[in-house]
Amino acid sequence: MEELSAALAAGVGLAGPCSPAAPHPRLAAYKPRGAHGQAERRQRLLRIQRERRLDYVNHARRLAEDDWAGVESEDEDREGEDAEEEAMDVDAGKKLPKRYANQLMLSEWLVDVPSDLEQEWVVVVCPVGKRALVVASRGTTAAYTKSGFCVNRFPSLLPGGNRHNSTGDKVYSILDCIYNEAKQTYYILDVMCWRGHPVYDCQTDFRFFWLSSKIQEEEGLGEKSRINPYKFVGLQNFPCSSDSLCELLATDFPFEVDGLLFYHKQTHYTPGSTPLVGWLRPYMVPEILGLAVPATALTAKPDYAGRQLQQIIESKRSKKLAGEQGHPSGQEAARNGHYELEHLSTPQPEKSPEGRDGAVSQMES
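A brief report on the enclosed structure follows. Per chain, the residues get numbers from 1 upward, laid out in the order the sequence is written. Restriction of local features to residues with pLDDT of at least 70 applies here, the model being predicted, together with a cutoff of 80 or more for giving and counting side-chain atom pairs; totals for whole chains, interfaces and linings are based on all residues. Side-chain descriptors were evaluated using all non-hydrogen atoms of the structure, hydrogens and water having been removed beforehand.

### Comments concerning the pairing of strand β6 (residues 172-180)
Line of reasoning, step 1. Categorising residues by exposure relies on relative accessible area from a 1.4 Å probe, with only protein chains included: less than 20% of the type maximum marks a residue as buried, more than 50% marks it as exposed, and the intermediate range marks it as partly exposed. Helix and strand definitions follow DSSP, with helices as H or I runs of at least four residues and strands as E runs of at least two, each counted in order from the N terminus. In terms of burial, β6 is largely enclosed, as nine of its nine residues are buried.
Line of reasoning, step 2. Residues of β6 alternate between two faces, with Y172, I174, D176, I178 and N180 on one and S173, L175, C177 and Y179 on the opposite face, all of them buried.
Line of reasoning, step 3. Two elements, strand β3 (residues 130-137) and β6, share eight bridges in a ladder whose sense is antiparallel. Within β6, the residue paired with S137 across the bridge is Y172.
Line of reasoning, step 4. Two strands qualify as a pair provided that DSSP identifies no fewer than 2 bridges between them. As paired strands, β6 and strand β7 (residues 185-194) are joined by seven bridges and run antiparallel to one another. In the sheet register, L175 faces β7, and the bridge partner there is V191.

### Remarks on the packing of aromatic side chains
Line of reasoning, step 1. Here a Phe, Tyr or Trp ring, Trp counted by its six-membered ring, pairs with any other such ring whose centre lies within 6.5 Å, and the pair is stacked when the planes are under 30 degrees apart, edge-to-face when over 60, and tilted otherwise. On inspection of all chains with the given rule, the structure shows 13 aromatic pairs.
Line of reasoning, step 2. Where F253 meets F255, the ring centres are 5.7 Å apart and the plane angle is 25°; that geometry is what we call stacked. Just as F253 is buried, F255 falls in that class too.
Line of reasoning, step 3. Put simply, the rings of F154, Y179, Y186, Y230 and F232 pair up and form one aromatic cluster.
Line of reasoning, step 4. Only when the NZ of Lys or the CZ of Arg is both within 6 Å of the ring centre and within 35 degrees of the ring normal is a charge said to sit over the ring. The ring of W210 has K214 sitting right over it, with the charged end atom 4.5 Å from the ring centre.

### Observations regarding helix α7 (residues 204-217)
Line of reasoning, step 1. Helices are assigned an expected span. That span is 1.5 Å times one less than the residue count. Given a rise of 1.5 Å per residue, 14 residues ought to cover 20 Å, and the 20 Å separating the end C-alpha atoms of α7 matches this to within 8%.
Line of reasoning, step 2. Listed as buried for α7 are T204, R207, F208, W210, L211, K214 and I215. Within α7, the buried residues cover an arc of 165° as seen down the axis, which keeps them to one side. Opposite the packed face of α7, turned more than 90 degrees from it, sit the exposed residues F209, Q216 and E217. Relevant arc is that of directions from the helix axis to the C-beta atoms, nothing else.

### Overview of the sheet that holds strand β2 (residues 121-127)
Line of reasoning, step 1. Pairing is mixed across the open sheet formed by five strands, whose spatial order is β1-β12-β11-β2-β10. What marks the edges here is a single partner per strand, and that holds for β1 (105-109) and β10 (237-239). Within this sheet the neighbouring strands show an average axis-to-axis angle of 45°, counted without direction. In this analysis an axis means a line fitted to C-alpha atoms, helices contributing only their contacting stretch, and an angle means the value between N-to-C directions, from 0 to 180 degrees.

### A closer look at unusual backbone geometry
Line of reasoning, step 1. In the Ramachandran plot, R138 falls in the positive-phi region, its phi being about 50° despite a non-glycine side chain.
Line of reasoning, step 2. Secondary-structure assignment places R138 in the loop between β3 and β4 (140-144).
Line of reasoning, step 3. Despite not being glycine, Q184 has its phi angle at roughly 50°, a positive value.
Line of reasoning, step 4. Among the secondary structure elements, Q184 is positioned in the loop between β6 and β7.

### Structural notes on the nonpolar core
Line of reasoning, step 1. Grouping buried Ala, Val, Leu, Ile, Met, Phe, Trp, Tyr and Cys residues that are joined through side-chain atoms within 4.5 Å yields what is termed a nonpolar core. Ranked by size, the top nonpolar core spans 60 residues in total, and within it I174, F262, Y263, L280 and L289 carry the most contacts.
Line of reasoning, step 2. Per-element accounting of this core gives the leading share, six residues, to β2.
Line of reasoning, step 3. Counting residues in each nonpolar core, the second largest holds 22 residues, with A132, F154, Y179 and V199 among its members.

### A few points about helix α3 (residues 56-65)
Structurally, the α-helix is built with 3.6 residues per turn, so residues lying three or four positions apart point the same way.
Line of reasoning, step 1. Within α3, burial applies to Y56, H59, A60, R62, L63 and A64.
Line of reasoning, step 2. Once α3 ends, the next one or two residues include D66, with phi positive near 55°.

Laid out in structure tokens, this is it:
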């Protein structure tokens, strides 16, 4: 284990986003607490979002109506604008994505622990499932994958989601959800638009408050029925104080927990990965955050945790070698911190042959 830790410490440094599709880059003192990197990018991104105002009203309307006419000409008008966020490897949403692909705000591994974690961040406990963009509009509800593929259409009690509550073109809702197939439930992680009112450029604490209050107004949304065949359940957010996190990890949740998402209270909803949303598996909390937490089912290290170190080292070595040999994909991977393979984080069922060698994250963060 000491040899693995030493090799990891001498590996290639992360110069960009820490994709949760790869193992956590600091499972063994890889990156010192408070180091530059994510922290600097967070501050730069907060400043950029204060200065930039994108046309989220029309963006929400396009998603609701599937109307993308004129988007290409708007993109041409934006070419040549400042690329400050690119220099920092920060995607500040300079151009909003077209169609339904890449519409979700995605996390990075929480590598640099924020000094203001307790004061300026909240945490959401996430169930096992698949991320889904849910659009309720014109009397139907559609669920899209991260890549923009429509996987389901059905009626729902979301505003605009069925022909009885869709009273006009301006009644539509857009949600960021986690779909759990076993429970036939869409767990609502975030809201981008509700009843035609976009909240993309609102801060996290307001969006979460708005979402909670609006869900309570919709009777029957959390129950299965003919007109609402899938449950829609809002996920709670909690403070990031030490006491709160310890209590959280000792809680028995009504779903299988996949991990924790940490949101900066001031971040807007921006499509793409951002350092203002961090992702940790529950067993990583004691080591990454330096907390003394009670021994619970959530904090117990899974069998595959130790193997992740070896996966990190092997991936770093292969990317470094590819970069030195001038392979384009290797250079890109070394620059932006992404890994070619999606490494395992959530165990497969034991009957699956893959489950014995590792685990795949069932939630696409």
